[in-house]
Amino acid sequence: MFKNILLAFDGSEHALKAARLAKELAMCNQSDLWLVVAYDPLPPYLGEPYLDVGIEDRLEYAKSILEAGRRELGELSNPLKTELLEGPPAEAILKVAETRSVDLIVMGTRGLGQLMGLLVGSQSQKVVSHARCPVLLVR
Ligand code: ATP
Ligand code: MG
């Protein structure tokens, strides 16, 4: 059970908690673990030359988040697999879940967003609504 787990990671405290739990599950079940980081595409109104700068910044930032996730996960039973994708996070997470045939998605209830009034972040909500496998929201 849960042989191929996806961890959605945005570097937030919630995502760090999700990482710890995903690691425990992966170690107990000797599962493969996918660390997934998505970075938002640029707002369409930004044109050259801001476009290049923006994309590079976002990519560098996303890479640093990926490395933070890798550090948090540390040594695993199977080598960590990673995906760094452009696009709205929920869509990216759902896409990786499909193409990599994962059997569990682990993510935080909240992320880096500022809307503390919401109980569950918009990306978590979307993934829970559309995923075709179990989703574990960590708080
Ligand atoms: P919102 O983004 O709606 O303002 P939020 O940031 O508090 O609210 P979400 O973005 O839904 O909430 O974050 C919930 C969880 O989704 C995070 O803990 C993380 O596991 C995952 N997540 C969010 N953004 C990304 C991302 N860019 N890449 C990968 N996973 C992400
Ligand atoms: Mg967010």
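Residues numbered from 1 in each chain as written. Chains lettered and ligands numbered in written order. Predicted model: local features only at pLDDT ≥ 70, side-chain atom pairs only at ≥ 80, totals over all residues. Heavy atoms only, no water.

Visitor: Before we go on, may I ask you to explain unusual backbone geometry in this structure?
Guide: Note on backbone geometry: most residues besides glycine have negative phi, and most peptide bonds are trans. You will see that Gln-30, though not glycine, has its phi angle at about 50 degrees, which is positive. Looking at where Gln-30 falls in the secondary structure, it is placed in the loop between helix 1 (13-29) and strand 2 (32-39). With a phi close to 50 degrees, Ser-101 is a non-glycine residue in the positive phi region. Residue placement: Ser-101 occurs in the loop between helix 3 (89-99) and strand 4 (104-108). Owing to a relative accessible area of 55%, Ser-101 belongs among the exposed residues under this scheme. (Helix = DSSP H or I, 4+ residues; strand = E, 2+ residues; numbered from the N terminus. Buried < 20%, exposed > 50% of the residue type's maximum accessible area, 1.4 Å probe, protein only.)

Visitor: Explain helix 3 here, please?
Guide: Counting along an α-helix, one turn takes 3.6 residues, and residues three or four places apart therefore face a common direction. For helix 3, every residue scored as buried is listed here: Ala-90, Ala-92, Ile-93, Leu-94, Val-96 and Ala-97. Looking at the packing, one finds that the buried side of helix 3 touches strand 1 (4-8), strand 2, strand 3 (81-86), strand 4 and helix 4 (122-130). (Contact = heavy atoms within 4.5 Å.)

Visitor: It is not clear to me how the nonpolar core should be interpreted in this structure. Could you clarify?
Guide: Most often, soluble globular proteins have nonpolar side chains that are buried together. Within the largest apolar cluster, 21 residues are counted, with the highest numbers of intra-cluster contacts made by Leu-7, Phe-9, Leu-33, Leu-73 and Val-106. If you list the elements that add at least two residues to this core, you get strand 1, helix 1, strand 2, helix 2 (50-73) and strand 4. At six residues, helix 1 tops the list of elements feeding residues into this core. Apart from the residues within four sequence positions on either side, Leu-7 is in contact with Ala-15, Ala-18, Ala-19, Ala-22, Leu-33, Trp-34, Leu-35, Val-36, Leu-73 and Val-106. If you look at the next biggest cluster of nonpolar residues, it comprises 15 residues, including Trp-34, Val-36, Val-96 and Ile-105. (Core = buried A, V, L, I, M, F, W, Y, C linked by side-chain atoms within 4.5 Å.)

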